[in-house]
Amino acid sequence: MPQVNAAAALQICLLLSALPAQYLISRWTETTASQRLDSTRRLVNSWNNFCKSYLSLESWIDWAYHWISKARPWFDESYDPQGESPALEVLQYKAKRGYFGESTELRSPRPRSVKFHVGQVFLHKRYGYVGVIVGWDAKAKAPEEWLQKMYQENKKSMQDTPHYKVLIDTSSTESTPTAYIPQQDIEILSGIQVRNPSLKLYFSGFSGSKYAMLPSLRRIYPHD
């Protein structure tokens, strides 16, 4: 006796349901044969779409993977898909010391070592995501544990280089939409806008080459 798998059983059910459906359409609607045929096609298409969306194992796997990836940072503090800023939000929450470009200290005068400006869009040279700069520190300002984990034997030299707080384009990554990255990883782009729900907290608009800072951010970075 041939084995009937789930897919074959679903197809059989669909075929068996087609005749009663067509009969009901012809009984309940006083239309022409061509209109009834069109109604039948729409019914079959709706059923096929329903099967693909709700009766497909792949769809449920994709749905589960999507929500697991979204929820994981809440219960796994060490999780970082990009490998770029481990436990960044957790450290921001615990430190409260202006780490990761969060300080509201006036950045004036502007050091020559800081090459890039708040509002500029960039491409990450190593990881390939797009983002926008929302803050910077002339030297990395982060907890020792973070610096050690990130840079290990290069900790001293990397700590003395400018670092930037950035918002990551959420359409180009599944990772946390913020990061704290060194200057050497940034390549400036022009004419590209970024998708990120936090943009409105920093900028008032996009000029085509960079984002315009809100007055509150302009007071911190008057020369950017």
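Residues numbered from 1 in each chain as written. Predicted model: local features only at pLDDT ≥ 70, side-chain atom pairs only at ≥ 80, totals over all residues. Heavy atoms only, no water.

Asker: How would you explain the overall build of the protein chain if you had to name every residue and give the values?
Answerer: For the protein chain, the count of helices and strands is seven helices and seven strands. N-terminal to C-terminal, the α/β element order of the protein chain is α-α-α-α-β-β-α-α-β-β-β-β-β-α. A total of 224 residues make up the protein chain; the buried ones form 36% of that total. In the protein chain, once contacts between residues fewer than 6 apart in sequence are set aside, the share between residues at least 24 apart is 62%. As presented, the protein chain carries roughly 14,500 Å² of accessible surface, and 57% of it is formed by carbon and sulfur atoms. (Helix = DSSP H or I, 4+ residues; strand = E, 2+ residues; numbered from the N terminus. Buried < 20%, exposed > 50% of the residue type's maximum accessible area, 1.4 Å probe, protein only. Contact = heavy atoms within 4.5 Å. Areas by Shrake-Rupley, 256 points an atom, 1.4 Å probe, with all protein chains shown as cover.)

Asker: Now, about the pairing of strand β2 (residues 130-137): what can you tell me, with residues and values included?
Answerer: Among the eight residues of β2, eight are classified as buried, and the element is accordingly described as predominantly covered. Looking at chain direction, strand β1 (residues 121-124) and β2 are connected through three bridges and run antiparallel. Bridge pairing in β2 links V121 to V132. Counted along the chain from β1 to the antiparallel partner β2, the turn is five residues long, and its residue G128 has a positive phi close to 80°. (Pairing = 2+ DSSP bridges.)

Asker: Any chance you could break down the nonpolar core for me, citing the residues and the numbers?
Answerer: V118, V132, I133, Y164, V166 and F203 are the most contacted members of the largest nonpolar core, which totals 28 residues. If you tally residues by element for this core, the top one is β2, at five residues. Filtering out sequence-adjacent residues up to four positions away, V118 remains in contact with I133, V134, G135, W136, F203, K210, Y211, M213, L217, Y221 and D224. Counting residues in hydrophobic clusters, the runner-up holds 10 residues, among them Y99, L147, M150 and Y180. (Core = buried A, V, L, I, M, F, W, Y, C linked by side-chain atoms within 4.5 Å.)

Asker: Can you explain the packing of aromatic side chains? Please cite residues and give values.
Answerer: Tallied over the entire structure, the rule returns 11 aromatic pairs. With a centroid separation of 5.5 Å and an interplanar angle of 55°, the aromatic rings of W136 and Y221 are classed as tilted. Of this pair, W136 sits in strand β2 while Y221 is found in the segment after α7 (215-218), placing the two residues 85 residues apart along the sequence. Of the two residues, W136 and Y221, neither departs from the other in class, the shared state being buried. For the pair F206 and Y211, a centre-to-centre distance of 4.7 Å together with 50° between the ring planes defines the contact as tilted. With relative accessibility at 24%, the residue F206 sits in the partly exposed group. Judged by relative accessible area, Y211 falls into the buried class, the value being 6%. Taken together through their ring pairs, the aromatic side chains of Y99, F100, W146, Y151 and Y180 make up a single cluster. Seen from the ring of W136, R107 lies directly overhead, with NZ or CZ sitting 5.9 Å from the centre. (Phe/Tyr/Trp six-rings, centres within 6.5 Å; stacked < 30°, edge-to-face > 60°. Lys NZ or Arg CZ within 6 Å of the ring centre and 35° of its normal.)

Asker: Any chance you could break down the pattern of salt bridges for me, citing the residues and the numbers?
Answerer: A complete count under the given rule lists six salt bridges for this structure. Between R107 and D137 there is a salt bridge whose closest N-O contact spans 2.9 Å. Here the residue R107 occupies a position in the loop between α4 (88-95) and β1, and D137 occupies one in strand β2, the gap between them amounting to 30 residues. Note on R107: relative accessible area 9%, which makes it buried. (Salt bridge = Lys/Arg side-chain N within 4 Å of Asp/Glu carboxyl O.)

Asker: Mind laying out the environment of S171, listing which residues take part and the relevant values?
Answerer: Within the secondary structure, S171 is located in the loop between β3 (163-168) and β4 (178-182). Owing to a relative accessible area of 52%, S171 belongs among the exposed residues under this scheme. When the C-alpha positions of S171 and V130 are compared, they lie 9.1 Å apart, and in sequence the two are 41 residues distant. Within the local environment of S171, its side chain forms a polar contact with the side chain of D169, the two groups lying 2.4 Å apart. (Polar contact = N/O pair within 3.5 Å; in protein donor to acceptor, adjacent residues only side chain to side chain.)

Asker: Could you give an account of the confidence of the model for the protein chain, with specific residues and numbers?
Answerer: A low pLDDT means the predicted coordinates there should not be read in detail. When the pLDDT values of the protein chain are averaged, the result is 76; 56% of them are 70 or greater. Taken as a whole, residues 69-87 scores under 50 in pLDDT and shows 39 contacts with residues more than four places along the chain or in a different chain. Within the model, pLDDT remains below 50 along residues 90-95, and this stretch shows 10 contacts once partners closer than five positions in the same chain are excluded. (pLDDT = per-residue confidence, 0-100.)

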